[in-house]
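# Coordinate inspection notes
These are the residues of each chain, in order.
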Amino acid sequence: MGFLSSLLGIIGFGIGLPIGLLVGFFFFVYSKPKQVQDPVVRPLEEFDTTVLPDLLPEIPIWVKDPDYERVDWLNKMIFYMWPYLDKAICREIRRQAEPILAEYSEKYKIKAIEFENLDLGTLPPTINGIRVYETNEKELVMEPVIKWAGNPNIVLVLKLLSLQITLQLVDLQVFFAPRMTLKPLVPTFPCFANILVSLMERPHVDFGMKLLGGDIMSIPGLYQFIQVLFLQKTIKKSVASLYLWPQTLEVPVLDNSMFCENYAFKKPVGILHVKVVRAFKLMKADFLGLSDPYVKLNLTGESLPGKKTTIKKNNLNPEWNEDFKLVVREHQSQALQIQVFDWDKVGGHDRLGMQLVPLKLVTPHETKEFNLDLLKHTNISDHNDKKYRGTIVLELTYAPFREDSTSAKFDQKDSIIYRSSSNETLNKAGLLSVLVQAAEDLEGERHNNPYALILFRGEQKKTKLLRKTRNPLWNEEFQFALEEPPLLDKIRIEVFSKRTGIRFRSKESLGHVEINLDDVVRNGRINQKYHLINSKNGLLHVEIEWTMV
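Residues numbered from 1 in each chain as written. Predicted model: local features only at pLDDT ≥ 70, side-chain atom pairs only at ≥ 80, totals over all residues. Heavy atoms only, no water.

For clarity, the threshold we go by: UniProt positions are given in the numbering used here, feature names are shortened, and annotations may be inferred rather than shown by experiment.
For the protein chain, an unreviewed UniProt entry supplies the name C2 domain-containing protein and the organism Acer yangbiense. Word for word, the UniProt comment on the protein chain under Subcellular location (unreviewed entry) is "Membrane". For the protein chain, the Sequence similarities (unreviewed entry) comment in UniProt is given as "Belongs to the synaptotagmin family."

Quick look at the structure:
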């Protein structure tokens with residue numbers, strides 16, 4: 001019976017195959033083909049404006065959007081640096097991923113999960129365009145559009161008992177648009193302290209996978225399953241939750257100590273009140289007659305000019321009783337430097353002696369008196385100079401700023417009523433910081449060598465002069481220590497241009513602004529651009545901050 005069924009199957013296959021081929025041939029020859037219609041051709045101008053990007057999605061973004069710039073030079077630099085970037089990135093991936101893989105191994109009782117190979121391939125990412133933003137802060141904001149269709153060779157090995165499973169990642173495609181913020185900008189290479197990275201939209205990620213050498217993505221239905229389950233729900237969701245704007249990844253580049261050694265870029269933390277009381281038994285600086293002493297005060301690490309007392313003529317035991325205020329940026333490490341000079345009409349002034357007082361010796365809000373023996377210099381290891389140079393008496397009081405002082409808000413009342421109010425907040429002393437950042441579109445009739453002059457309560461401060469520019473960038477900060485909030489005051493900032501040679505009409509005004517400080521006191525801080533009065537297009541960028549003690 002079995003033999004008979006096999007024989008009939010062979011005969012049926014031998015007869016059915018040629019009959020099927022013959023019937024198929026006749027259908028192919030005598031069947032009428034369907035008439036093929038030509039496609040409708042229409043010019044692009046008849047379509048909507050969004051059709052062209054849909055038809056040609058690979059058009060660089062700098063072609064479609066004029067806000068983006070072409071950066072072929074940067075892509076060429078990345079191409080030549082890619083072998084070295086590949087090694088550096090892979091080293092960082094190993095450092096970050098290996099502890100996580102070890103944790104998963106222990107959790108799921110796997111012998112080991114490790115990289116057998118980690119190589120990003122020979123094709124670097126390309127930047128299709130970049131957009132740069134201008135803000136009112138000390139920062140630079142960039143938004144590149146990055147596309148990477150690479151050929152990486154990433155092999156992960158799972159060792160489970162005696163079984164070894166290899167999982168390979170290939171044909172990786174990543175499209176993303178990050179926002180990179182370089183802040184704060186500092187005058188120390190590479191000129192920024194931190195990089196803040198965030199994604200403006202969810203990234204597009206696609207890749208292929210090989211399991212035990214076989215392409216599992218070619219299995220019908222599995223590619224869509226992995227796309228939905230693994231990519232969308234895991235990678236995109238995880239990355240978006242961590243780095244999608246406003247979430248950011250902060251990468252420190254410079255340590256604060258590297259660019260704040262002189263404290264010039266640290267925020268003020270308080271005010272040091274110094275009272276120079278008197279000095280006695282000072283040295284004679286002149287061969288004939290007595291000395292003409294005065295005292296110069298400054299804090300270590302500051303580049304600002306020091307505070308000076310009046311000159312006491314022909315006096316070795318002068319009494320000053322003069323008060324000064326110095327801005328403190330680091331209470332624990334800064335020191336007050338005291339220098340006593342002999343004033344001379346001609347030539348340099350001779351230093352009679354000096355001394356240092358570490359600020360950490362001064363308790364906040366407590367007045368402390370110091371009787372200091374003057375030294376030739378502060379090198380305490382030098383024991384050659386034992387000569388007595390006199391004694392100076394000082395009273396020091398350190399007043400730290402309130403933690404909430406810059407964010408303090410005031411009720412919207414009339415300023416005159418406010419000034420006479422007994423509100424404790426308004427009686428507080430404080431520090432007015434004026435940061436003259438930059439100017440734009442200055443219009444000098446004869447020259448453009450601009451500098452800014454700050455006028456406040458009869459005091460003048462001046463920025464450096466920049467040559468031959470209509471868009472100067474100063475970034476210079478000036479401070480005024482005040483006994484009360486400047487609610488009724490204005491600050492005047494005028495931009496001048498000065499001719500560098502000796503000629504007539506060497507200076508001309510390029511415009512000015514007057515800023516009411518009432519808003520600064522109420523809000524704690526303002527940061528904006530002002531249109532220069534008496535200038536057609538000129539703008540001045542100023543940041544003013546009020547900090548209370």
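There's more to say after this.
### Describing the pattern of salt bridges
Spelled out, the test is: A side-chain nitrogen of Lys or Arg and a carboxyl oxygen of Asp or Glu constitute a salt bridge if their distance falls within 4 Å. Each helix is a run of DSSP H or I of at least 4 residues and each strand a run of E of at least 2, with the numbering of both proceeding from the N terminus. Residue exposure (1.4 Å probe, protein chains only): buried if accessible area is under 20% of the type maximum, exposed if over 50%, otherwise partly exposed.
The full count for this structure, using the stated rule, is 17 salt bridges. For the salt bridge of arginine 179 with glutamate 143, the shortest nitrogen-to-oxygen distance reads 2.6 Å. You can see arginine 179 sitting in strand β6 (residues 178-185) and its partner glutamate 143 sitting in strand β3 (residues 140-149), a full 36 residues away along the chain. The buried category is assigned to glutamate 143, whose relative accessible area is 5%. With its nearest N and O atoms 2.9 Å apart, the salt bridge here joins arginine 525 to glutamate 543. With arginine 525 in strand β25 (residues 525-531) and glutamate 543 in strand β26 (residues 539-548), this pair connects stretches of sequence that are 18 residues apart.

### Focus on the sheet that holds strand β23 (residues 490-498)
What holds strands together in a sheet is hydrogen bonding between their backbones, with the strands either parallel or antiparallel. Just so we agree on the cut-off: Pairing between strands requires that DSSP locate at least two bridges from one strand to the other. Axis lines are fitted through C-alpha atoms, for helices just across the contact stretch, and the angle between N-to-C directions can take any value from 0 to 180 degrees.
Strand order in the open sheet formed by four strands is β21-β20-β23-β24, with antiparallel pairing between adjacent strands. Both outer strands of the open sheet, β21 (459-462) and β24 (507-516), are each paired with one neighbouring strand and no more. Strand-to-strand twist in this sheet, taken as the mean axis angle between neighbours without regard to direction, amounts to 20°. Where strand β20 (residues 450-456) meets β23, six bridges bridge the pair, whose relative direction is antiparallel. Bridge pairing in β23 places tyrosine 451 opposite phenylalanine 496.

### Some remarks on the sheet that holds strand β18 (residues 391-400)
Judged by pairing direction, the sheet is antiparallel, and its four strands sit side by side in the order β14-β11-β18-β17 without closing on themselves. Edge positions in the sheet fall to β14 (319-328) and β17 (368-373), since each of these pairs with one other strand and no more. Averaged over all neighbouring strand pairs, the angle between strand axes comes to 25°, with direction disregarded. The sheet contact formed by strand β11 (residues 270-280) and β14 spans eight bridges and is antiparallel.

### Re the pairing of β18
Of all the ten residues making up β18, eight are buried; the element is thus mostly covered by neighbouring parts of the structure. Where β11 lies against β18, ten bridges are found, and the strand directions are antiparallel. In the sheet register, valine 276 faces β18, and the bridge partner there is leucine 394. Relative to β18, β17 runs antiparallel, the two being bridged by six bridges. Across the sheet, residue phenylalanine 370 finds its bridge partner in β18, namely leucine 394.

### Observations regarding the packing of aromatic side chains
Test applied: Here the aromatic set is Phe, Tyr and Trp, taking the six-membered ring for Trp, and pairing holds for ring centres within 6.5 Å; pairs whose planes are under 30 degrees apart are stacked, those over 60 apart are edge-to-face, and all others are tilted. Placement of a positive charge over a ring is assigned whenever Lys NZ or Arg CZ falls within 6 Å of the ring centre and within 35 degrees of the normal to the ring plane.
This structure, assessed with the given rule, holds five aromatic pairs. With a centroid separation of 5.9 Å and 70° between ring planes, the pair formed by tryptophan 82 and tryptophan 148 is classed as edge-to-face. Here tryptophan 82 is found in helix α4 (residues 72-107), whereas its partner tryptophan 148 is found in strand β3, with 66 residues between them in sequence. Judged by centre distance (5.7 Å) and plane angle (20°), the rings of tyrosine 294 and phenylalanine 341 are stacked. Of the two residues, tyrosine 294 sits in strand β12 (residues 293-299) while phenylalanine 341 sits in strand β15 (residues 335-342), which places them 47 residues apart along the sequence. Sitting above the plane of the phenylalanine 175 ring, lysine 147 keeps its charged end 5.4 Å from the centroid. The cationic tip of lysine 462 hangs over the ring face of tyrosine 451; the distance from NZ or CZ to the ring centre is 5.3 Å.

### Regarding the pairing of β15
Counting buried positions along β15 yields eight of eight residues, so the element is predominantly enclosed. Side chains Ala335, Gln337, Gln339 and Phe341 of β15 all project onto a buried face; the interleaved residues Leu336, Ile338, Val340 and Asp342 project onto the opposite face, where all are buried too. Bridging between β12 and β15 involves seven bridges; their strand directions are antiparallel. Residue pairing across strands places proline 293 opposite aspartate 342, the latter belonging to β15. In terms of strand pairing, β15 meets strand β16 (residues 350-358) through eight bridges, oriented antiparallel. Looking at β16, one finds that isoleucine 338 is bridged to glutamine 355.

### Focus: the nonpolar core
Put simply, the rule is: As used here, the term nonpolar core means buried Ala, Val, Leu, Ile, Met, Phe, Trp, Tyr and Cys residues forming a set that is joined through side-chain atoms within 4.5 Å. By definition, residues are in contact when any of their heavy atoms lie within 4.5 Å.
Ranked by internal contacts, the top residues of the largest apolar core, which has 31 residues, are Leu432, Val434, Ile491, Ile493, Ile515, Leu540 and Ile544. Among the secondary structure elements, those contributing two or more residues to this core are β19 (430-440), β20, β22 (473-482), β23, β24, α8 (518-523), β25 and β26. Here the element with the most residues in this core is β26; it accounts for five residues. Those residues within four positions of leucine 540 in sequence are excluded, and the remaining contacts are Val436, Ala438, Ala439, Trp474, Ile493, Val495, Val513, Gln528, Lys529, Tyr530 and Leu532. Formed by 27 residues, the second largest nonpolar core is a distinct cluster that contains Val295, Val328, Ile338 and Leu396.

### Some remarks on the side chain of threonine 181
Here threonine 181 lies in strand β6. Excluding anything up to four places from it in sequence, threonine 181 contacts Glu139, Leu140, Val141, Asn194, Ile195 and Leu196.

### Observations regarding α4
Note the cut-off: Bend, at a single residue, is the angle you get between axes fitted to the 7 residues ending at that residue and the 7 residues starting at it.
At tryptophan 82, α4 shows its maximal bend, which comes to roughly 60°, and the proline proline 83 appears one to four places after that position. Those residues of α4 that sit buried are Leu74, Asn75, Ile78, Trp82, Asp86, Cys90, Ala97, Leu101 and Ser105. Of the surrounding elements, those touching the buried residues of α4 are β1 (112-119), β2 (126-133), β3 and β4 (153-160). Phi for lysine 109, located one or two positions after α4, is positive at around 60°.

### Comments concerning the environment of glycine 430
For glycine 430, the location among the structural elements is in strand β19. The class of glycine 430 is buried, set by a relative accessible area of 0%. With residues near it in sequence (within four places) discarded, glycine 430 still touches Ile271, Phe480, Ala481, Leu482, Trp546, Thr547, Met548 and Val549.

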